[in-house]
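Residues per chain are reported as follows:
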Amino acid sequence: MPAVQSLADRLAERTARHDMRSRWFGAGRTVIAVAQLSFMLLTPVKALLVPVVGLGDYPHCNSVRAASAMCLGDAGVGPEAQRWLLIVILAVAASGYRPRWTAIPHAWATYSIAVSIAVPDGGESVAMIMCFLLIPIGLADDRTWHWQQPTRELAPSWRTLTFVAFLAVRVQIAYLYLDSAISKFGVADWANGTAEYYFLRDNMFGVGKPWDGLFLTLSKSAFVVVALTWGALIIEIAIGVCVLASDRWRKAGLAMDIVLHGSIILTMGLWSFALVMIGSAVVCATPEGRVIPAPQRGAGNGATSPERPAVLAQA
């Protein structure tokens with residue numbers, strides 16, 4: 001069928017020029033790693049593994065949880081040493097060094113955090129899923145630092161694999177935002193537009209200093225409360241749609257994501273969760289690649305070197 005053939009041709013064309021080896025991918029990966037790194041650096045191990053009523057002591061090392069770094073070693077290896085192992089892995093991943101080598105350890109570190117800590121905030125699970133989906137993209141990235149421009153053309157097999165992984169990342173993030181927004185319509189306080197009034201006054205996650213006076217005063221207005229509540233839902237839906245669209249719309253989605261989670265940081269804190277979501281949006285906003293010739297060293301006329309293949313760069 002002509003329509004099917006046309007779709008197949010367009011898909012083949014996009015796959016042929018796909019390349020995730022860009023500073024966009026590097027920045028998103030770094031932000032996700034920094035979110036987890038800050039969490040592990042600034043939180044005492046006793047708080048990470050605090051016993052929970054009905055669930056016992058942490059970490060739980062049964063079943064697949066035994067693969068966590070927090071379950072490594074014998075009784076002589078304490079949780080503090082395991083915590084520092086995770087900190088080192090996350091710091092190296094955040095630096096951007098050798099993404100091909102650090103993609104799997106980074107995913108393992110986020111898995112260890114997600115399944116081992118006692119009181120997660122949701123960002124740990126998102127980081128874990130993202131890092132596992134990013135493994136094929138990381139393995140395809142042969143750069144010394146993920147901040148550098150690539151120096152070799154990506155093999156066709158890696159193009160296909162990373163293209164599929166990139167689609168999976170975008171579908172996952174779109175699902176998270178759309179599901180979050182749509183499910184809130186089933187909650188009375190979100191549906192009637194009053195949810196933000198109560199969130200701002202929550203004892204645990206409510207607005208803190210120095211913004212408490214401003215936001216608590218503004219939230220006394222019904223119009224402001226409704227605008228904040230429904231505005232959050234509209235932005236979540238818009239982000240979910242944008243990450244599935246073209247380069248320009250994905251960048252628009254990133255801008256809205258920064259506004260949404262920046263607002264959450266200002267009012268409620270939740271730094272690590274917000275940074276994980278922003279980092280994920282940065283990865284989703286990675287533009288399509290295009291092939292440009294690598295300039296010959298020392299040449300001023302733009303000629304390409306016969307010893308070096310074309311370089312893939314991001315538009």
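Residues numbered from 1 in each chain as written. Predicted model: local features only at pLDDT ≥ 70, side-chain atom pairs only at ≥ 80, totals over all residues. Heavy atoms only, no water.

1. Digging into a nonpolar patch on the surface
Right, on to step 1. A grouping of Ile 182, Phe 185, Ile 237 and Val 241 is seen on the molecular surface, where their side chains present a nonpolar patch of about 360 Å² in accessible area.
Right, on to step 2. Assignment of secondary structure puts Phe 185 in the loop between helix H8 (156-184) and helix H9 (188-191). (Patch = residues over 30% accessible without salt bridge, like charges linked within 9 Å, V, L, I, M, F, W, Y side chains within 5 Å. Areas by Shrake-Rupley, 256 points an atom, 1.4 Å probe, with all protein chains shown as cover. Salt bridge = Lys/Arg side-chain N within 4 Å of Asp/Glu carboxyl O. Helix = DSSP H or I, 4+ residues; strand = E, 2+ residues; numbered from the N terminus.)

2. Points about the environment of Val 45
Right, on to step 1. Mapping Val 45 onto the fold places it in helix H3 (residues 45-48).
Right, on to step 2. In this structure, the C-alpha to C-alpha distance between Val 45 and Glu 80, residues 35 residues apart in sequence, is 6.4 Å.
Right, on to step 3. Filtering out sequence-adjacent residues up to four positions away, Val 45 remains in contact with Pro 79, Glu 80 and Arg 83. (Contact = heavy atoms within 4.5 Å.)

3. What about the packing of helix H5 (residues 99-116) against helix H6 (residues 123-133)?
Right, on to step 1. Taken N-terminus to C-terminus, the directions of H5 and H6 make an angle of 155 degrees; their axes are 8 Å apart at the nearest point. Judged on the interaxial angle alone, H6 and H5 are roughly antiparallel. The way H5 lies across H6 gives a crossing that is left-handed. Between H5 and H6, the residues in contact are His 106, Ala 107, Thr 110, Tyr 111, Ile 113 and Ala 114 and Glu 124, Ser 125, Ala 127, Met 128, Cys 131 and Phe 132, respectively. (Axes fitted to C-alpha atoms, helices over the stretch in contact; angles between N-to-C directions. Parallel < 35°, antiparallel > 145°, perpendicular 65-115°, else oblique. Left-handed = near helix turned anticlockwise from the far one by under 90°.)

4. Some words on the pattern of salt bridges
Right, on to step 1. Tallied over the full model, the rule gives eight salt bridges.
Right, on to step 2. Asp 141 is the salt-bridge partner of Arg 143, the closest N and O atoms lying 2.6 Å from each other.
Right, on to step 3. Residue Asp 141 is classed as buried on the basis of its relative accessible area of 0%.
Right, on to step 4. The partner of Arg 250 in a salt bridge is Asp 247, with the nearest N and O atoms 2.7 Å apart. Of this pair, Arg 250 and Asp 247 are both found in helix H13 (residues 247-268), three residues apart, which corresponds to roughly one turn of the helix.
Right, on to step 5. Note on Asp 247: relative accessible area 22%, which makes it partly exposed. (Buried < 20%, exposed > 50% of the residue type's maximum accessible area, 1.4 Å probe, protein only.)

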